[in-house]
Structure formats: structure tokens, C-alpha cells
Amino acid sequence: MTTSPLSELLADPSLIATQAYLAGDWVDGAGGQFEVTNPATGEVLAMVADVTREQTAEAVEKGRLAQKEWAARTAKDRSNVMRAWFNLIMENQEDLAKIMTAEQGKPLAEARGEISYGASFIEFYAEEAKRILGEIIPGHQPDKRIHVLKQPIGVVGSITPWNFPTAMITRKCGPAIAAGCSFVARPASETPLSALALAVLAERAGLPKGILSILPASDAAGIGQEFCENPSVRKLTFTGSTGVGRILLRQAADQVMKCSMELGGNAPFIVFDDADLDAAVEGAIACKFRNNGQTCVCANRIYVQDGVYDAFAEKLRAKVAAMKVGNGLEDGTDLGPLITEKAVEKVEDHLQDAVSKGATVILGGKPHEKGGTFYEPTIVTGVTQDMKVSKEETFGPFAPLFRFGDVDDVIEMANDTVFGLAAYFYAKDLSRVHKVSEALEYGIVGVNTGIISTEQAPFGGVKQSGLGREGSHHGIEEYLELKYVCLSV
Ligand SMILES: NC(=O)C1=CN([C@@H]2O[C@H](COP(=O)(O)OP(=O)(O)OC[C@H]3O[C@@H](n4cnc5c(N)ncnc54)[C@H](OP(=O)(O)O)[C@@H]3O)[C@@H](O)[C@H]2O)C=CC1
Ligand SMILES: O=C(O)[C@H](O)CS(=O)(=O)O
């Protein structure tokens, strides 16, 4: 068993795994080890196996050999294993949440929520496994019959970010494994412990050897190249920045590989003058400050109509001023640390740019007195489209308030971005709700809500926010191939 400063916090310290889970075997990293630290304290939580490209190729080959047998088991059989995995994740929710908060920084209450959200994809796709239906189409000639089969695509390569260390993996491996695929995952180097704990529980649930690999690796680019160049990998699924998504798409093109991309966002959050203002403030806080603003669907720009601008700004300021910044393991913490110093620099860059172009700080505006990567929740007014924050994802506790007058103007401003993941607005007028919902160029639109995430809905972006959908019955299609069988009878 691994000893770690985390061990004393857990009911089951054996959930702390530091070796790599390579196709069902726990192995050391051929590249040595790398540190995992607590962003709130800088403390080293563990030294984790550093997997090499060669070991990744081994995991892919073992996944290829095991996949056919897994796919040949009945859907109900696959479903039962996944249901057992879901049950174990929920039974260990508290420990898994503490592991997540320690390595990622989010408040424990949010981490508990993510474990439940992440587990919901295993539960949902345990059921979807039994609903992978083909078709029989009337023949195009008297002696022809058309059958359409849906078959698992094969070996899946997965690269995920640090901001949702559990849910971003289960949102992918849930449908993939349910479909009969094998799944080779490289978690973010900042947050491998949450991913490895999932493997501990998958093994306990009876997932066969070869079907799942969790491969921590410091060489992100090298593992990505292996996934893109290895002919046995038939699908790449990535969540992260649009910049890295572009790199992976270019690399995957050589093999014409099927790709799912969940990329960056730049969500507008629009408050019309007929909105329920208190509800809009609550929604803006939930949308902007969840995970300290480190989510791809968080409000990156807040547009407020003239008639309610000052009232909204004051209500928002008062509520955010009461939020507690601190270690996510401490009771009552609302905002943890940012993941790295680089993340703090991005917030500072957007803030200084806005202020230099005329914006006004009405709350926060500087690193928190706790030091490290803690940052004061910040609100600025007088923000305009020529500022960096209107075009770039901030990924931090920075709420820029834009003023607008006309509905057509705000739709144009909201759509004036290369991104198209999530958008939100608060309004009551029915014709306005329909007009704005249809006009916003985004994959997800929240109306009178700031939280849209659920396993039951198709999550994904348009434009440069991604390709494909995760969640809902749509999500399993990403891991299936259609086969047309033309029968001559
Ligand atoms: N849409 C979303 O959900 C997310 C969007 N972002 C956006 O990305 C920005 C940067 O955050 P960051 O975590 O650095 O996101 P990145 O896109 O840089 O990292 C996401 C994942 O990709 C890996 N990675 C990085 N470079 C490569 C590569 N060349 N080939 C293969 N894998 C690679 C990372 O590894 P490693 O961890 O070792 O760097 C990580 O596991 C954020 O500020 C935010 O704007 C970030 C996370 C999620
Ligand atoms: O990457 C993210 O930010 C997540 O997809 C956000 S969510 O799914 O938890 O809403």
C-alpha cells in the first residue's frame, strides 16, 4: 500500500495508487516517477509512475487483444460489470472526493458533486450498453435485404485535463467500455490520483484485464503521438484546450482517425432587463465560480442590459464578497486555489488588459493574502469587446461585466468568438427566449440557469470548441462504427 500525506484522511488508503494500471496490471513507470502536489499547500502528495511511449504501445496491444472477447460478451454482462463499478465509486465517494480536492484544489463539496457526476456516466452507459440497436431496412431490390450493424470501434486513446479529473474520464470510458471497446487513458499530470483510484475500483468490479489502462505520464506530447500513430488505436478522445486539440487533430489526420474533441470555451452570460435579477445573480455565481472559474462552460463574459446593469453589478458584488477563499478540505470553502502559477498569470493578464483599456475593479483584483495560487474573486465593470477577455478563455475567478442595450447587438457580441461551447441567458419574455436560444451559435444554451451539466444531455461544442458529443444516447455513437450488410437472398 502507498503511504502518502493523504492516507490518514481516507477510510480506505488503498485507493491511493501510484503505479500505472497497464491493461489490468499495476506496473512501475519505465520513465521513473513524477511528483503530484497539493495546489493549496504545495505539499507533495505522492510520487507517481511515469509511463513511457513504449509502455503505452504495450497497453494498446493488450487492449487490442482483449477487446474482441469483451465485445463478444452479452450487453447485459458488460452492463453488470459497469453497474458494479458504479456502485463501488459511490460507496467510496468521500475518499475519492478527498483525493480529488487534495490534488486539484476544488472545495470538497464540489469534489463530492464531481464524483457523483462522474459515476453517473458509468451508471448511464451501463444501461445504454443494452440499447445499441441496429436496423433492418427494406431491400432496394426484391432479392436484397439491408442490415445495419453497430459495432465497437476498437481501441480508444484518451487524454483528459486536470479540471474535472474523474468526470472527464468517465464521460469517455463509460460509453467506450459499454460499447465493447478497450480504453487507454492518459490523465493530466496534475491529477493522476483520481484516475488511478477509478482503476482500483474497476479492478474490484471485475473489469477484465486489458479493457482499461490508466497511464500517468509526464510526456503528454509523446503519449499523444503514440495514440495518433499507433495503427491499433482507432479512436482518439480529448478534452482540453483548443490549441492542443488542433495539434492532436493534425497528428490523427495521418491515420484518418475518428476523433472526439471537447475543447475551450468563451461562454457569454446574458442578463436581460426582464430577468429575475436575484436568480440571475445566483446563476452567474454558480456558472462563473464553480471550480474557481476553471471550467470550459463557465461564464467568461457577462453581458447586462442597461436597465438592470447597476443593480445586477451591486447584487453580484455583495454575494461574491461573502465567498470564502481557502483550502478545499476546510469546511465552508467556496473557492480553492488555482491549479498553477500559470493560471494565476492568465487571470492577471486579462485583468490588467481590461483595466488598461478602461475597466473598473469593483471587487478583488489581486492575488489573495493566503499566497500561493489563491486569488481574490474579481469583478470588473465597463468591459468592452476590444479587451482580451472578450476573445480568450480566462479559466479563473474573473467576472467581466459588459453593458448592452439592444437584443440584436448582444447576440452579435455573444457570437463574436471562434468558440461555441456554452452560452447562457436570463429572460422571461417567451418570444425573446426562443429568438435568443436559436440565434446563439453554441452547442449548449442554458436559459434561466447557470448549470447545464448532466449525463442525460449531449454535451459538446460547435466552431472551435470541439467535435462530437458526450453524454446522452448520442455519446455512445462516438465509440461505434456502422456496418451496412447487403444480403442477397
Ligand atoms: N475544454 C475544457 O474542458 C478545458 C479547457 N482548458 C483550456 O486549456 C487551457 C490550458 O489548460 P491546460 O490544462 O494546460 O490544457 P491543455 O490542453 O494544455 O491540457 C489538457 C491535457 O492535454 C495534455 N497535453 C498537453 N499538450 C499535449 C500534447 N501536445 N499532446 C497530447 N496531450 C497534451 C495535458 O497534459 P499535461 O497535464 O501534462 O499538460 C492535459 O492532460 C486552460 O486555460 C483552458 O483555457 C483546459 C482544460 C479543460
Ligand atoms: O471541462 C469542463 O469544464 C467540464 O466539461 C465542465 S462540466 O462537464 O462539469 O460542466
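Residues numbered from 1 in each chain as written. Chains lettered and ligands numbered in written order. Predicted model: local features only at pLDDT ≥ 70, side-chain atom pairs only at ≥ 80, totals over all residues. Heavy atoms only, no water.

Within an unreviewed UniProt entry, the label attached to the chain reads Succinate-semialdehyde dehydrogenase [NADP(+)] GabD, and the organism entered is Donghicola eburneus. As its UniProt record puts it under Sequence similarities (unreviewed entry), the chain is described as follows: "Belongs to the aldehyde dehydrogenase family." (UniProt positions renumbered as here; feature names shortened; annotations may be inferred.)

Novice: Before we go on, may I ask you to explain helix 12 (residues 407-415) in this structure?
Specialist: Given 3.6 residues to a turn, an α-helix orients residues that are three or four positions apart in the same direction. Of all the positions in helix 12, only Val407, Val410, Ile411, Met413, Ala414 and Asn415 are classed as buried. Buried residues along helix 12 sit in contact with strand 12 (267-271), strand 13 (299-305), strand 16 (398-404) and helix 13 (430-439). For helix 12, the capping residue at the N-terminal end is aspartate 406, with a side-chain oxygen 2.8 Å from the backbone nitrogen of aspartate 408. (Buried < 20%, exposed > 50% of the residue type's maximum accessible area, 1.4 Å probe, protein only. Helix = DSSP H or I, 4+ residues; strand = E, 2+ residues; numbered from the N terminus. Contact = heavy atoms within 4.5 Å. Polar contact = N/O pair within 3.5 Å; in protein donor to acceptor, adjacent residues only side chain to side chain.)

Novice: How do you make sense of the site of ligand 1 when you look at a structure like this?
Specialist: Taken together, 24 residues lie near ligand 1, and Trp162, Arg186, Ser241, Leu263 and Glu393 sit nearest. In this structure, leucine 263 approaches ligand 1 through a main-chain N or O atom, which is 2.4 Å from a nitrogen atom. Glutamate 393 places a polar side-chain atom, nitrogen or oxygen, 2.4 Å from an oxygen atom of ligand 1. Protein burial of ligand 1: of its 850 Å² of free accessible surface, 85% is covered by the chains. Among the secondary structure elements, those contributing two or more residues to the shell around ligand 1 are helix 7 (220-229), strand 10 (233-239) and helix 8 (242-253). There are two domains that each give the shell around ligand 1 at least three residues, and those are domain 1 (13-263 + 465-488) and domain 2 (268-447). (Near = heavy atom within 4 Å. Areas by Shrake-Rupley, 256 points an atom, 1.4 Å probe, with all protein chains shown as cover. Domains from an automatic or database assignment.)

Novice: Looking at this structure, how should I read the site of ligand 2?
Specialist: In the vicinity of ligand 2, the contacting residues are Tyr117, Asn163, Phe164, Met168, Arg171, Arg290, Thr295, Cys296, Val297, Ser453 and Phe459. Cysteine 296 has a polar backbone atom sitting 2.7 Å from an oxygen atom of ligand 2. At 2.2 Å, a side-chain N or O of serine 453 approaches an oxygen atom of ligand 2. Summarising the interface, the protein chains cover 99% of the accessible area of ligand 2, which totals 280 Å² for the free molecule. When residues of the shell around ligand 2 are assigned to domains, at least three map to each of domain 1 (13-263 + 465-488) and domain 2 (268-447).

Novice: Sorry if this is basic, but what is going on with the domain arrangement of the chain here?
Specialist: The accessible area lost on association of the parts is a frequent measure of interface size. For the chain, the assigned domains read domain 1 (13-263 + 465-488) and domain 2 (268-447). Computed from C-alpha coordinates alone, the two centres of domain 1 and domain 2 are separated by 31 Å. Contacts between domain 1 and domain 2 engage 21 residues on the former and 23 residues on the latter. A buried area of about 1,800 Å², summed over both sides, lies between domain 1 and domain 2, and 59% of it is on carbon and sulfur atoms. Three residues, Pro107, Trp162 and Ser465, lead the burial of domain 1 against domain 2; their summed loss comes to 27% of the area buried on that side. Linking domain 1 to domain 2 there are 0 salt bridges. Between the two partners, domain 1 and domain 2, sit 7 residue pairs in polar contact (both at pLDDT 80 or more). Those elements that place two or more of their residues in the side of domain 1 that touches domain 2 are helix 3 (93-104) and helix 4 (108-128). (Buried area = accessible area lost by both parts, 1.4 Å probe. Salt bridge = Lys/Arg side-chain N within 4 Å of Asp/Glu carboxyl O.)

Novice: Would you mind going over the packing of aromatic side chains with me for this structure?
Specialist: Two numbers describe a pair of aromatic rings. These are the distance of the centres and the angle of the planes. Enumeration over the complete set of coordinates arrives at 9 aromatic pairs. Ring geometry for tyrosine 117 and phenylalanine 121: centres 5.1 Å apart, planes at 70°, overall edge-to-face. Taken together, the residues span about one helical turn, with tyrosine 117 and phenylalanine 121 both in helix 4 at a distance of 4 residues. The pair tyrosine 117 / phenylalanine 121 is uniform in exposure class, with both members buried. Ring centres 6.0 Å apart and planes at 35° place the aromatic pair phenylalanine 269 and tyrosine 424 in the tilted group. (Phe/Tyr/Trp six-rings, centres within 6.5 Å; stacked < 30°, edge-to-face > 60°.)

Novice: Sorry, what's going on with the packing of helix 1 (residues 53-72) against helix 7 here?
Specialist: When two helices pack together, their arrangement is given by the angle between the helix axes and by the axis-to-axis distance. The geometry of helix 1 relative to helix 7 is characterised by a closest axis approach of 9 Å and an angle of 35° between their N-to-C directions. Crossing angle aside, the handedness with which helix 1 passes helix 7 is right-handed. Listed contacts from helix 7 to Arg53, Thr56 and Ala57 of helix 1 are Gly222, Ile223, Gln225, Glu226, Phe227 and Glu229. Looking at side-chain class alone, the contact of helix 1 with helix 7 contains 3 nonpolar, 3 polar and 3 charged residues. (Axes fitted to C-alpha atoms, helices over the stretch in contact; angles between N-to-C directions. Left-handed = near helix turned anticlockwise from the far one by under 90°. Nonpolar A, V, L, I, M, F, W, Y, C, P; charged D, E, K, R; others polar.)

Novice: Teacher, can you tell me more about the UniProt feature "domain: Aldehyde dehydrogenase" (unreviewed entry) in the chain here?
Specialist: Here, the residues flagged by UniProt with the feature "domain: Aldehyde dehydrogenase" (unreviewed entry) are residues 26-485. Each end of residues 26-485 is marked by a C-alpha atom, and these two atoms are 41 Å apart; helix forms 40% of the span and strand 21%.

Novice: Would you mind showing me how to read the sheet that holds strand 13 here?
Specialist: In sheet architecture, strand pairing relies on hydrogen bonds along the backbone and comes in two forms, parallel and antiparallel. Pairing in this open sheet of 7 strands is mixed, and the strands run 14-15-16-13-12-17-18 from one edge to the other. In this open sheet, the two strands that pair with only one neighbour each are strand 14 (360-363) and strand 18 (444-447). Put simply, the sheet's adjacent strands are angled 25° from each other on average, direction ignored. When strand 17 (residues 422-426) meets strand 18, the two strands line up parallel, connected through 4 bridges. Bridging from a neighbouring strand, alanine 422 pairs with isoleucine 444 of strand 18. Contacting strand 14, strand 15 (378-383) and strand 16, helix 11 (residues 341-356) crosses the sheet at an angle of about 35° to strand 16. (Pairing = 2+ DSSP bridges.)

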